[in-house]
Structures are given as structure tokens and as C-alpha cells.
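Residue-level structural notes
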Amino acid sequence: MCAKVPRDWQKTWQPRFRRHLQAFRDARALVMADNERAVVPDLESYIPLRQESSCAKILIDLIEYGVGVHIPEDVYAHPVLRQLRKNACDIMAWSLVRPSPSFPSLPSSLKFSPLTARRAQDIASVARQQATRDKHNLVLVLMAERRLTLQSAVTAAGALVKKTIGAFLENERLLLDSAQLHAFGPCVDADVRRYVRGMRDCVVGLTYWLYETDRFFGDAGDEVRDLGWVFLPPRSA
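Locating V141 in the fold gives a position in helix α7 (residues 138-146). On a C-alpha basis, the gap between V141 and V39 in space is 10.0 Å, while along the polypeptide they are 102 residues apart.

Below you can see the structure in the form of C-alpha cells.
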């Protein structure tokens, strides 16, 4: 794939993509090592590691490739855009948000509301991970660090998701209203807007995938989406 990118991307997008790909591999190796030792990470170290191990950064890189926009390096490094990517990574690593018609500026088939954030990818995967030895999960991290019950940890994780969605929306507003962004010119401005829209679409697309795949809820995805109940399997020995 890297061989097919336009020539002017080879000094910007391609090294970034390779860097994130290597970071993903390194993070997965750390996760496997922790799981072998039954180590539950603390929240402070878990969050940046999860951004890498979830593959979210690679997915965001592929927005440029898939949509056909090019974000120049000086624009990519814009502090608000950088924070917006971090928000999107955390939401995709954690978030499972219910569809709602109140999320602005998305087509009717791809909408969600920050007020309805109730679950997370990590929360969704508790049903699978509780029956395995995978300790790298936001809910399990909160249980260990804050000495919470499972239900209290799910509630705390949902609050983090909701807070992060709110931060995403605020940073998006700041970025798109930024005079500095407009100063880059109308072409770059248009590409950044498509890039940000791509991040939104990735988050919402992940929501639908979590319910439709049998990875987390088996054949019960529709019931979980409608009712919000998840029945956990017994813990493994």
C-alpha cells in the first residue's frame, strides 16, 4: 500500500503510517507480556498504550489514504487537531455509543449523541475478556485501580467515554473556527474538514460494527443494542 501513495505523501504520510504500525506491534507485544504475567496496568499508563494497541491511530491514518486528502505536516501538528485525534483514538478504543438523531452534521444513517454514551469497546469486550486472561481493558483497569465492582467500573468507564465525546465536539468546534486553520488556504481548509468528518465516521462506523460482529456479543448484538444488557460468561480458572 505504501508503494501506491502519491509521491508528495512519501515524506509525510508514509513515515507517519510506518511509525504508527510499529507502535501498534510494540504495544501488542507489551499487552501479551502483561497478560502472561496477569498484570493489570494502571490507568495513567493504560490510556496511551491502548491508543496504540487498539490500532486507532492506524485507522485515522487511513482516512487520508481512503478519502484522498493530504494533511500537510504543519497542519497535522496543529495543537487542536492533535488533541482531536487523541479524543478520537480514545473514543474508538473505549466507545460504544448508541445511535441517536441528535449528533450534528452527520447523515441520518450515521448519527450518535454524546448524551447517550453508555458503553465502550472495552466494556463490550468484558464479556469476552472475563472468560480469558486479557487484562488490558478499561473496565478491568478501573476495577483494580479504584477497587470498584464490575458495575461501578462500567459506570465509570461510561463517564470517561461521555467526557471524551464532549471534548471531541469542543475541539472540533475550536479547530473549524480557527483563524489559523483558515490561514492555510481554502484547499487545506476543505481537506481538514473532510479529515475531521472521517474521524467522526470512523467512530460511528465502529459503533455499528461492535453490534454487528459476533466477536463481543455472539448472536445477541441486536438485543444488546436494544436492551443494554450483557450477560457475562463464567470466569476462566
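On to the nonpolar core, then. In this structure, I60, L81, M92, L175, V192, Y195 and M199 are the most contacted members of the largest nonpolar core, which totals 42 residues. Elements with a contribution of two residues or more to this core: α2 (43-53), α3 (56-67), α4 (73-76), α5 (79-94), α7, α8 (150-176) and α10 (186-212).

The end-to-end C-alpha separation of α3 is 17 Å, in line with the 16 Å expected for 12 residues at 1.5 Å each. Buried within α3 are the following residues: A56, I58, I60, D61, I63 and E64. On its buried face, α3 sits against α1 (13-36), α2, α4, α5 and α10.

This brings us to the side chain of D34. Checked against the element boundaries, D34 lands in helix α1. Those residues in contact with D34 that lie beyond four places of it in its chain are V39 and H136.

It is worth spelling out the packing of aromatic side chains at this point. Applying the stated criterion across every chain, the model contains two aromatic pairs. Note on W13 and F17: the rings are 5.0 Å apart at their centroids and 10 degrees apart in plane angle, and the pair reads as stacked. You can see W13 and its partner F17 sitting in helix α1, four residues apart, about one turn around the helix. Note on W13: relative accessible area 0%, which makes it buried. When the ring of W13 is compared with that of Y65, the centres are 5.8 Å apart and the planes differ by 20 degrees; the resulting orientation is stacked.

A word on the pattern of salt bridges. Tallied over the full model, the rule gives 10 salt bridges. The salt bridge involving K86 is made with D90; its shortest N-O contact spans 3.3 Å. Of this pair, K86 and D90 both sit in helix α5, four residues apart, roughly one helical turn. According to the relative accessible area criterion, K86 is partly exposed, its value standing at 35%. For D201, the salt bridge identified is with R197, shortest N-O distance 3.2 Å. Here D201 and its partner R197 are both found in helix α10, four residues apart, which amounts to about one turn of the helix. Overlapping salt bridges bring together R16, E64 and E73 as one network.

What follows covers the side chain of H20. Along the chain, H20 turns up in helix α1. H20 gets classed as buried once you look at its relative accessible area, which sits at 10%. Of the polar contacts made by the side chain of H20, one reaches the side chain of D61; its length is 2.7 Å. Not counting the four nearest positions on each side in its chain, H20 is found in contact with E52, K57, I58, D61 and Y76.

For the pair α2 and α5, the least separation of the axes is 9 Å and the interaxial angle reads 85 degrees. In terms of their interaxial angle, α2 and α5 are classed as roughly perpendicular. Residues Y46, I47, R50 and Q51 of α2 touch α5, and the partners they reach there are K86, C89, D90, A93 and W94.

Here the chain averages 77 in pLDDT, and 70% of its residues register 70 or above. Segment residues 96-120: pLDDT under 50, and 73 contacts once partners within four positions in sequence are set aside and those in other chains are kept.

Reading guide: rules and limits
Residues numbered from 1 in each chain as written. Predicted model: local features only at pLDDT ≥ 70, side-chain atom pairs only at ≥ 80, totals over all residues. Heavy atoms only, no water. Helix = DSSP H or I, 4+ residues; strand = E, 2+ residues; numbered from the N terminus. Core = buried A, V, L, I, M, F, W, Y, C linked by side-chain atoms within 4.5 Å. Buried < 20%, exposed > 50% of the residue type's maximum accessible area, 1.4 Å probe, protein only. Expected span 1.5 Å × (residues − 1). Contact = heavy atoms within 4.5 Å. Phe/Tyr/Trp six-rings, centres within 6.5 Å; stacked < 30°, edge-to-face > 60°. Salt bridge = Lys/Arg side-chain N within 4 Å of Asp/Glu carboxyl O. Polar contact = N/O pair within 3.5 Å; in protein donor to acceptor, adjacent residues only side chain to side chain. Axes fitted to C-alpha atoms, helices over the stretch in contact; angles between N-to-C directions. Parallel < 35°, antiparallel > 145°, perpendicular 65-115°, else oblique. pLDDT = per-residue confidence, 0-100.

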